[in-house]
Amino acid sequence: MEVQIWNSKSLLMESILLWPFHNPSSELSRNMFTSKEMPIPQSASAVFSAYASFATTMMLVRSVTNELLPPKFISFLSSIFSYLFGSVSSQTKFIIEENCGVTANQVFQATEIYLRTKIGPSTDTLKITKTFRQKKLTFSIHKDQEITDHFNKIRLQWRFVCSKDKRNEKKRHFELTFAKKFGDTVVDEYLPYVMRRAREIQEEEKVIKIYSQECQFNDDYDEGGRGSCGRWGYLNFDHPATFDTVAMDPELKESIIEDLNRFVRRKDFYRKVGKAWKRGYLLFGPPGTGKSSLIAAMANYLKFDIYDLDLSSVYTNNDLKRAMLSTTNRSILVIEDIDCSIDLQNRQSDEEDYGCAPTKITLSGMLNFIDGLWSSCGDERIIIFTTNHKERLDPALLRPGRMDVHINMSYCSRRGFGVLASNYLGEEATQHRLYGEIEDLIRDMEVSPAEIAEELMKSDDLDVALQGLFNFLKRKKEEQTEAEERPSEKNDHKEEEDQCLAAYQSTPIFC
């Protein structure tokens, strides 16, 4: 680096010393070389000889300058020259870093996607990756590689740079170099075009990802990637659940789809009414009723990434804030079994024990991000809580504006069974002789969709599968009936014991 600086300064000094030679109209030039004193060559050999002599003289001047003038003095002359005559360089360089504080830089992400389409034969080194979840090879540029792009007859030079900071953490950024006179065009037209084109590519090649802070690697080509800011790792999300396969009442299913569609198209409405563009869903009900499948169906329907946040791995409100701020737009933040994952303190205990439990997430810290000032740091986001026991949650978590939609994921209904039977055994299952009897059993008992699905998977034969399910439901109904009768029997025994005790106490005792 020092040699490069010395050479650039030497060239600058040389340009200053040789300025009279390149400006023959100047007074100094006229004094040094007049038409009378300067011989005019008469042949090609004479011209070549004069040029060789001139070049030799300039090389000698450059050598003397390098030897005699110290670098600091050359730097001083360069600063004066730049001040008087403006910047020597005619190029402008933009630095596009990976992160903006604690959040991801959208320009960096868009550039990363856009430049994949600009890789050509001139690129010397490429990274080629493919994970077992990816369907095709992925090409990306390696560090210190350059890519040339053209936009409206403007030449733009991209360079990918990787480095490490003082804490030995990886830092990545892109450098964009172009002619200074095109600065306005690059800012007003080219960069918006890159952002727009990246969004189009994402929509065309959208692969839903599921993020977790427990994941130690990324199932993709980039090193660190989006997770490096908030320590999120991810895998490609290949869950096959859709709204067609979720076993729930059609009316409830249609209402959820309609609510999602209304949410994604109301960006201007949310801004007009002064609300953050987000939506909260609470899924509650017994285990095995399809809460996780519904989340997967929502993600596949909207093409939103999923961020699975385990509160037990987050120790402070600041850690929670940092994790949530590093999520991206058009995503679903999921906190499953929120009543079991952590014991959230209520707001009164926050005030009483403030400072005494610095390693605990507080309820006020959770509410501040869901519905407080920090809730506006992102657009088009969905927050989903799941629980098996809605009554255990603090009412402050459940009010509208935090959990806007409450969905009761109940036991399997007759119509839900129809969806499962058609998905697992085909449409002919609804015409089977046992179908009506199974519907009657399901109507009068509590059985989860997961239990029914497990029975339907035990055989590919329609008769065997439905007969097995019928037998299972009869046994389960008998068990539930016996369980309901036991409390009444216990109550009868208790009443008899109480009567005997009262009679004994009322009987006189003789010595």
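The structure we're discussing is the one just above.
A short tour of the structure in this document, coming up. The shown structure was predicted, so the numbers you read here are calculated from the model rather than taken from an experiment.

## Concerning the packing of aromatic side chains
Aromatic ring pairs: the centre-centre distance and the angle between the two ring planes describe each pair. Under the criterion given, the structure shown has 16 aromatic pairs. Measuring from ring centre to ring centre gives 5.5 Å for phenylalanine 151 and tyrosine 193, while their planes differ by 35°; the resulting arrangement is tilted. Taken together, the residues span a long stretch of sequence, with phenylalanine 151 in strand E6 (residues 146-151) and tyrosine 193 in helix H7 (residues 183-204) at a distance of 42 residues. With a relative accessible area of 26%, tyrosine 193 lands in the partly exposed category. Each member of the aromatic cluster is reached from another via a ring pair, and the members are Phe108, Tyr114, Phe151, Trp158, Phe160, Phe174, Tyr190 and Tyr193. Residue placement shows arginine 266 over the ring face of phenylalanine 269; its charged tip is 3.9 Å from the ring centre. One cation-aromatic arrangement involves lysine 390 over phenylalanine 284; the distance from NZ or CZ to the ring centre is 4.5 Å.

## Topic: the packing of helix H17 (residues 414-425) against helix H19 (residues 449-456)
For the pair H17 and H19, the least separation of the axes is 10 Å and the interaxial angle reads 30°. The orientation of H17 with respect to H19, classified from their angle, is roughly parallel. Here H17 and H19 pass one another in a crossing that is right-handed. Contact with H17, carried on its side by Phe417, Leu420, Ala421, Tyr424 and Leu425, involves Pro449, Ile452, Ala453 and Leu456 of H19 and no other residues of that element. Split into classes, the residues belonging to the contact of H17 with H19 amount to nine nonpolar, no polar and no charged.

## Some details on the pairing of strand E15 (residues 405-408)
Burial along E15 is one-sided: Val405 and Ile407 are buried, while His406 and Asn408, pointing the other way, are not. When strand E11 (residues 278-284) meets E15, the two strands line up parallel, connected through four bridges. Paired with tyrosine 281 across the two strands is valine 405, which belongs to E15.

## Considerations on the sheet that holds E6
The strand order across the open sheet built from four strands is E1-E8-E7-E6, with neighbouring strands paired in antiparallel fashion. Bordering the open sheet on either side are strand E1 (91-97) and E6, each of which pairs with just one other strand. The mean inter-strand angle of the sheet, taken between neighbouring strand axes irrespective of direction, is 25°. Relative to strand E8 (residues 170-179), E1 is paired through seven bridges, and the arrangement is antiparallel. Paired with isoleucine 95 across the bridge in E8 is glutamate 175. Across the sheet, H7 is in contact with E1, E6, strand E7 (154-164) and E8; its angle to E8 comes to roughly 125°.

## With respect to the sheet that holds strand E14 (residues 381-387)
Taken in spatial order, the seven strands line up as E10-E9-E12-E13-E14-E11-E15 in an open sheet, and their pairing is mixed. A single partner strand is all that each edge strand has here, and the edge strands are strand E10 (233-236) and E15. Each adjacent strand pair in this sheet contributes to an overall mean axis angle of 20°, direction not counted. Examined bridge by bridge, strand E9 (residues 209-212) and strand E12 (residues 305-308) share three bridges and lie parallel to one another. Its bridge partner being in E12, isoleucine 210 is matched across the sheet by isoleucine 306. The sheet contacts of helix H15 (residues 363-371) involve E11, strand E13 (331-335) and E14, and relative to E14 the element is tilted by about 140°.

## With respect to a nonpolar patch on the surface
Nonpolar side chains collect at one region of the surface, where Leu126, Ile128, Leu137 and Phe139 lie side by side and expose about 350 Å² of accessible area between them. Tracing the backbone through its elements, the reader meets phenylalanine 139 in strand E5 (residues 138-141).

## Notes on the pairing of E12
Of the pairings in the sheet, the one linking E12 to E13 comprises four bridges and is parallel in character. From the neighbouring strand, aspartate 305 faces E13, where its bridge partner is serine 331. In this fold, E12 hands off to helix H12 (residues 317-325), which returns the chain to E13; that crossover is right-handed.

## Comments concerning the environment of glycine 280
Its location among the elements puts glycine 280 in strand E11. Beyond its immediate sequence surroundings of up to four residues, glycine 280 is in contact with Ile383, Arg402, Met403, Asp404 and Val405.

Procedures and definitions
- Residues numbered from 1 in each chain as written.
- Predicted model: local features only at pLDDT ≥ 70, side-chain atom pairs only at ≥ 80, totals over all residues.
- Heavy atoms only, no water.
- Phe/Tyr/Trp six-rings, centres within 6.5 Å; stacked < 30°, edge-to-face > 60°.
- Helix = DSSP H or I, 4+ residues; strand = E, 2+ residues; numbered from the N terminus.
- Buried < 20%, exposed > 50% of the residue type's maximum accessible area, 1.4 Å probe, protein only.
- Lys NZ or Arg CZ within 6 Å of the ring centre and 35° of its normal.
- Axes fitted to C-alpha atoms, helices over the stretch in contact; angles between N-to-C directions.
- Parallel < 35°, antiparallel > 145°, perpendicular 65-115°, else oblique.
- Left-handed = near helix turned anticlockwise from the far one by under 90°.
- Contact = heavy atoms within 4.5 Å.
- Nonpolar A, V, L, I, M, F, W, Y, C, P; charged D, E, K, R; others polar.
- Pairing = 2+ DSSP bridges.
- Patch = residues over 30% accessible without salt bridge, like charges linked within 9 Å, V, L, I, M, F, W, Y side chains within 5 Å.
- Areas by Shrake-Rupley, 256 points an atom, 1.4 Å probe, with all protein chains shown as cover.
- Salt bridge = Lys/Arg side-chain N within 4 Å of Asp/Glu carboxyl O.
- Right-handed = clockwise from strand over helix to strand, strands pointing away.

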